[in-house]
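Geometric and topological summary
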Amino acid sequence: MTLLAVVTVTGGLILSDTFSGDQLWGELFEVPLMSAMFLAMVWHARRRQEALGIVESQAEQRASLLERQERFLHDASHELRTPVTIARGHLEVHRRTNGNAAHEIDVALDELQRIEQILDRLLLLAKADQPDFVIVEEVDLEPYLEDVFMRWSEVAPRAWNLGPLVAGTLTVDPEGLRAALDALLENAVKYTEVADAIELSSRASAGNVVIEVADSGEGVPGGGTRADLRALRSGGRRAHARQGGVGLGLAIVDAIAKAHGGRCTVKNSQNGATFALRLPRFEQASVSALQLLQNS
């Protein structure tokens with residue numbers, strides 16, 4: 001209403017000046033043009049304000065949804081842990097009080113352990129979007145990978161091989177990296193037999209480090225040269241384990257890699273599959289430093 005009143009009064013004044021000869025008739029065309037431009041600016045500003053309101057509303061809804069999902073995963077994992085712990089305690093007491101416990105008790109305990117591992121991974125994924133999901137520090141990568149390799153080579157009977165390891169320091173969350181490597185090595189164990197080979201290696205690549213877990217198992221379905229973990233989790237036979245896995249391990253690898261600004265890929269090798277975890281902020285050891293370490 002205010003804008004209409006201003007236009008009406010201004011138009012009347014301009015027409016009065018025109019009839020009295022103080023203003024040329026040709027200049028009247030400037031008035032509707034300027035008014036149209038002004039109205040267009042006002043319309044654009046209002047549309048932009050409405051669009052920003054919609055975007056902010058959608059962002060709030062998405063943040064609320066993510067918060068509810070994280071809270072659900074956290075609460076559900078904690079609620080499920082209590083009955084699992086109670087069931088495990090009763091089974092262990094029954095096994096101790098009966099000298100020759102039935103094989104079914106061992107199976108039940110193994111399954112309860114698997115449930116506990118799933119709950120731990122759900123809790124880890126629930127923290128994936130939080131700022132403190134990763135806490136980085138400098139890690140001497142070569143002995144770190146050697147420790148991971150030795151631990152797994154004593155757990156699962158496979159043809160383990162420690163491949164070439166690049167020396168240097170990596171700025172990383174050590175616990176997060178260990179969880180990612182554990183998931184990749186566990187995945188390799190699931191899809192190999194006792195005589196199959198599993199190799200852990202690393203190499204430098206343009207300021208990044210590439211940590212590879214290669215196995216001689218069944219390979220990745222489809223045999224593509226590149227496949228991301230999202231595709232595997234959504235329908236890959238390797239992600240949905242024949243032993244009953246649900247791809248949570250690969251989801252953790254994906255989340256940890258992205259939290260570090262890296263990525264994880266998988267491809268079929270000549271005999272099996274190779275998972276490559278690429279992470280930035282790697283400083284390779286110089287030749288002089290390597291010689292000093294070898295001489296000490």
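Details of the structure are given in the entry above.
Now for a description of the structure that goes with this document. Keep in mind that what you see is a predicted model, and the values were worked out from it rather than measured. (Residues numbered from 1 in each chain as written. Predicted model: local features only at pLDDT ≥ 70, side-chain atom pairs only at ≥ 80, totals over all residues. Heavy atoms only, no water.)

Right, let's get into the pairing of strand 8 (residues 272-279). In terms of burial, strand 8 is a largely internal element, seven of the eight residues being buried. As paired strands, strand 5 (residues 208-215) and strand 8 are joined by seven bridges and run antiparallel to one another. Bridging from a neighbouring strand, V210 pairs with R278 of strand 8. With seven bridges joining them, strand 7 (residues 263-269) and strand 8 adopt antiparallel strand pairing. Pairing of T265 across the sheet is with A276, part of strand 8. A loop of two residues connects strand 7 with strand 8, the two strands running antiparallel in sequence. (Buried < 20%, exposed > 50% of the residue type's maximum accessible area, 1.4 Å probe, protein only. Helix = DSSP H or I, 4+ residues; strand = E, 2+ residues; numbered from the N terminus. Pairing = 2+ DSSP bridges.)

Moving on, we come to the pattern of salt bridges. All told, the structure shown has four salt bridges when counted by the stated rule. A salt bridge links D147 to R178; the shortest N-O distance between them is 3.3 Å. Linking D147 in helix 4 (residues 141-153) with R178 in helix 5 (residues 174-190), this pair joins segments that are 31 residues apart in sequence. One salt bridge in this structure joins D254 and K258, with 3.4 Å as the shortest N-O distance. One end of the pair, D254, and the other, K258, are both in helix 7 (residues 248-259), four residues apart, so they sit about a helical turn from each other. Of the residues examined, K258 reaches a relative accessible area of 47% and is grouped as partly exposed. (Salt bridge = Lys/Arg side-chain N within 4 Å of Asp/Glu carboxyl O.)

Attention now moves to the packing of helix 3 (residues 103-126) against helix 7. With their axes 10 Å apart at the nearest point, helix 3 and helix 7 run at an angle of 30° to one another. When the interaxial angle is binned, helix 3 and helix 7 end up roughly parallel. For the pair helix 3 and helix 7, the sense of crossing is left-handed. Across the interface between the two elements, I118, R121, L122, L124 and L125 from helix 3 touch L248, G249, A251, I252 and A255 from helix 7. (Axes fitted to C-alpha atoms, helices over the stretch in contact; angles between N-to-C directions. Parallel < 35°, antiparallel > 145°, perpendicular 65-115°, else oblique. Left-handed = near helix turned anticlockwise from the far one by under 90°. Contact = heavy atoms within 4.5 Å.)

Of all hydrophobic cores here, the largest spans 41 residues; its most connected members are L141, L177, I211 and L277. Secondary structure elements with two or more residues in this core: helix 4, strand 3 (168-172), helix 5, strand 4 (197-205), strand 5, helix 7, strand 7 and strand 8. Those residues in contact with L141 that lie beyond four places of it in its chain are G168, L170, L177, V209, I211 and F282. (Core = buried A, V, L, I, M, F, W, Y, C linked by side-chain atoms within 4.5 Å.)

Each pair of aromatic rings is reported with the distance of its centres and the angle of its planes. On inspection of all chains with the given rule, the structure shows one aromatic pair. With a centroid separation of 6.0 Å and 85° between ring planes, the pair formed by F149 and W160 is classed as edge-to-face. Separated by eleven residues along the polypeptide, F149 in helix 4 and W160 in strand 2 (residues 159-162) bring together distant segments of the chain. Note on F149: relative accessible area 9%, which makes it buried. (Phe/Tyr/Trp six-rings, centres within 6.5 Å; stacked < 30°, edge-to-face > 60°.)

Judged by how many residues are buried, strand 5 sits mostly within the fold: seven of eight residues are covered. Where strand 4 and strand 5 come together, eight bridges link them in antiparallel fashion. For S201, the partnering residue across the bridge sits in strand 5 and is E212. The hairpin formed by strand 4 and strand 5 contains two residues between the paired strands, and A206 there has a positive phi angle of roughly 55°.

Turning our attention to a nonpolar patch on the surface. Together, F38, L39 and V42 make up a nonpolar patch on the protein surface, roughly 260 Å² of accessible area in all. Mapped onto the fold, V42 is located in helix 2 (residues 30-97). Exposure remark for V42: the relative accessible area of 34% places this residue in the partly exposed category. (Patch = residues over 30% accessible without salt bridge, like charges linked within 9 Å, V, L, I, M, F, W, Y side chains within 5 Å. Areas by Shrake-Rupley, 256 points an atom, 1.4 Å probe, with all protein chains shown as cover.)

Relative to the assigned elements, S201 resides in strand 4. Judged by relative accessible area, S201 falls into the buried class, the value being 8%. Not counting residues within four places of it along the chain, the set of residues in contact with S201 comprises G163, P164, L165, V210, I211 and E212.

If you walk across this open sheet you meet the three strands as 1-3-9, and the pairing is antiparallel. A single partner strand is all that each edge strand has here, and the edge strands are strand 1 (137-140) and strand 9 (282-284). Each adjacent strand pair in this sheet contributes to an overall mean axis angle of 20°, direction not counted. In terms of strand pairing, strand 3 meets strand 9 through three bridges, oriented antiparallel. Each residue of the ladder has a partner; that of G168, found in strand 9, is Q284. Each of strand 1, strand 3 and strand 9 touches helix 4; the most contacted strand, strand 1, lies at about 70° to it.

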